Amino acid sequence: MNPLVKWAGGKRQLLPRIMKCLPDSWNTYYEPFSGGLALLVEMYNRGKVNKAVIGDANPELMNLYSTVKNFPTDLVNAISEFGFSNDPACYYEIRNKFNSLIGDQYRSAERAAMFLYLNRHCFNGLWRVNSDGKFNVPFGKYSNPSLPTEGHIFRFSQMLKQTRIVTGDFSEVTGSARKGDFVYFDPPYFPLSRSSSFTYYAQRGFGFSDQIRLRDLCRELDRNDIRFLLSNSSSKEMMELFGEFRIKRVSVNRFINSVAEKRTGHHEILVTNYSVETGGQEEHESG
């Protein structure tokens, strides 16, 4: 099974390294920055996860996952009834309708279907809103984008049956975590430069003060014997902020860059509060 959505900053490329960094066992798995849920899907495919709590500050993403979990048939029917097509006219019509829905229409299968269509057809799977909270990512111009099949949606729904879904800040999502649980943090990355910050999980963005709050939460989890794994940019600021924990620096490609030559030679960090053995010459441990 694959993720349902395209998500800028998704972790499918980094999954082999992340899988090597997982603890041997845990009770409940937590993922407070859900995105495409690539790690949860991979662990589910390998039979490594039973109970899970997922969450995000993006209510549209959580509405999609809640709809898939509880009303998969309604979502399949909504996708069929819309008759989505891969052209700019359809895309901007759906985007305008999506941005106009309020009140009782806010959490509905129809809205989840539109969110899924926009995600699969927008530029690079970006989530971006303007100052009024309106989704404003342009049409992606892909030759053959696809929506999840009925079978894919129902398989994903089955995975989510043992998963609790929370809409809110990362501190709210992890509020019920206890000793023996495991948390994976994949926050919006701290930008390496002013021009590299391109994605927002919520209208207000995710700034350095939020990164500090996240570091403080990691300290609290550590005090309570709750293991965590965190991914972030390899910026000097993040290396220093999380320097008290174990840090591995790993090489990655940046497929979102339109210039092919600028997609390679990048690094990210994996931060844990427990010892792991991953190997690989490009990985360096500190902390």
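Everything numeric here is computed off the predicted structure, so don't read it as measured data.

*Asks:* Can you explain the overall build of the protein chain? Please cite residues and give values.
*Replies:* Along the protein chain, the regular secondary structure elements total 10 helices and 8 strands. Pairs at least 24 apart in sequence give 74% of the contacts found in the protein chain among residues at least 6 apart.

*Asks:* Kindly report on the pairing of strand 2 (residues 51–56), identifying the contributing residues and their values.
*Replies:* Across the 6 residues of strand 2, 5 count as buried, placing the element largely inside the fold. Examined bridge by bridge, strand 1 (residues 28–31) and strand 2 share 4 bridges and lie parallel to one another. In the sheet register, Thr 28 faces strand 2, and the bridge partner there is Lys 51. Each parallel crossover has a hand, and the one from strand 1 via helix 2 (residues 38–45) to strand 2 is right-handed.

*Asks:* Tell me about the nonpolar core, and please be specific about residues and values.
*Replies:* Core analysis: the largest hydrophobic core is formed by 63 residues, its most contacted members being Val 5, Leu 22, Tyr 29, Leu 39, Tyr 65, Phe 156 and Leu 229. The leading source of residues in this core is helix 6 (residues 109–121), at 7 residues. When residues no more than four places from it in sequence are discounted, the contact partners of Val 5 are Gly 35, Gly 36, Leu 61, Leu 64, Tyr 65, Phe 115, Leu 116, Asn 119 and Arg 120. By size, the runner-up hydrophobic cluster in this structure holds 24 residues, among which are Phe 170, Val 183, Leu 230 and Phe 245.

*Asks:* Outline helix 9 (residues 208–223), supporting the account with residue identities and numerical values.
*Replies:* The end-to-end C-alpha distance of helix 9 is 23 Å, a good match for the 22 Å that 16 residues give at a rise of 1.5 Å each. Considered for burial, the residues of helix 9 that qualify are Asp 210, Gln 211, Leu 214, Arg 215, Leu 217, Cys 218 and Leu 221. One face of helix 9 carries all of its buried residues, which in axial projection span an arc of 160 degrees. Summarising the geometry of helix 9, the exposed residues directed more than 90 degrees from the buried face are Ser 209 and Arg 223. Buried residues belonging to helix 9 abut helix 8 (170–173), strand 4 (182–185), strand 5 (227–233) and helix 10 (236–241). Backbone geometry just after helix 9 places Asp 225 at a positive phi near 60 degrees.

*Asks:* I'd like a description of the environment of Ser 157, backed by residues and values.
*Replies:* With respect to the secondary-structure elements, Ser 157 resides in helix 7 (residues 150–160). The sequence separation of Ser 157 and Phe 71 amounts to 86 residues, and the corresponding C-alpha distance is 8.5 Å.

*Asks:* Tell me about the pattern of salt bridges, residues and numbers included.
*Replies:* One pass over the structure, following the stated rule, counts 7 salt bridges. As a salt-bridge pair, Arg 46 and Glu 42 come within 2.8 Å of each other at their nearest N and O atoms. The salt bridge involving Arg 111 is made with Glu 60; its shortest N-O contact spans 2.9 Å. Placement of Arg 111 in helix 6 and of Glu 60 in helix 3 (residues 59–70) is noted, with a sequence separation of 51 residues between them. A relative accessible area of 5% places Arg 111 in the buried class. On the basis of relative accessibility, which here comes to 6%, the residue Glu 60 falls in the buried class.

What counts as what
Residues numbered from 1 in each chain as written. Predicted model: local features only at pLDDT ≥ 70, side-chain atom pairs only at ≥ 80, totals over all residues. Heavy atoms only, no water. Helix = DSSP H or I, 4+ residues; strand = E, 2+ residues; numbered from the N terminus. Contact = heavy atoms within 4.5 Å. Buried < 20%, exposed > 50% of the residue type's maximum accessible area, 1.4 Å probe, protein only. Pairing = 2+ DSSP bridges. Right-handed = clockwise from strand over helix to strand, strands pointing away. Core = buried A, V, L, I, M, F, W, Y, C linked by side-chain atoms within 4.5 Å. Expected span 1.5 Å × (residues − 1). Arc of directions from axis to C-beta. Salt bridge = Lys/Arg side-chain N within 4 Å of Asp/Glu carboxyl O.

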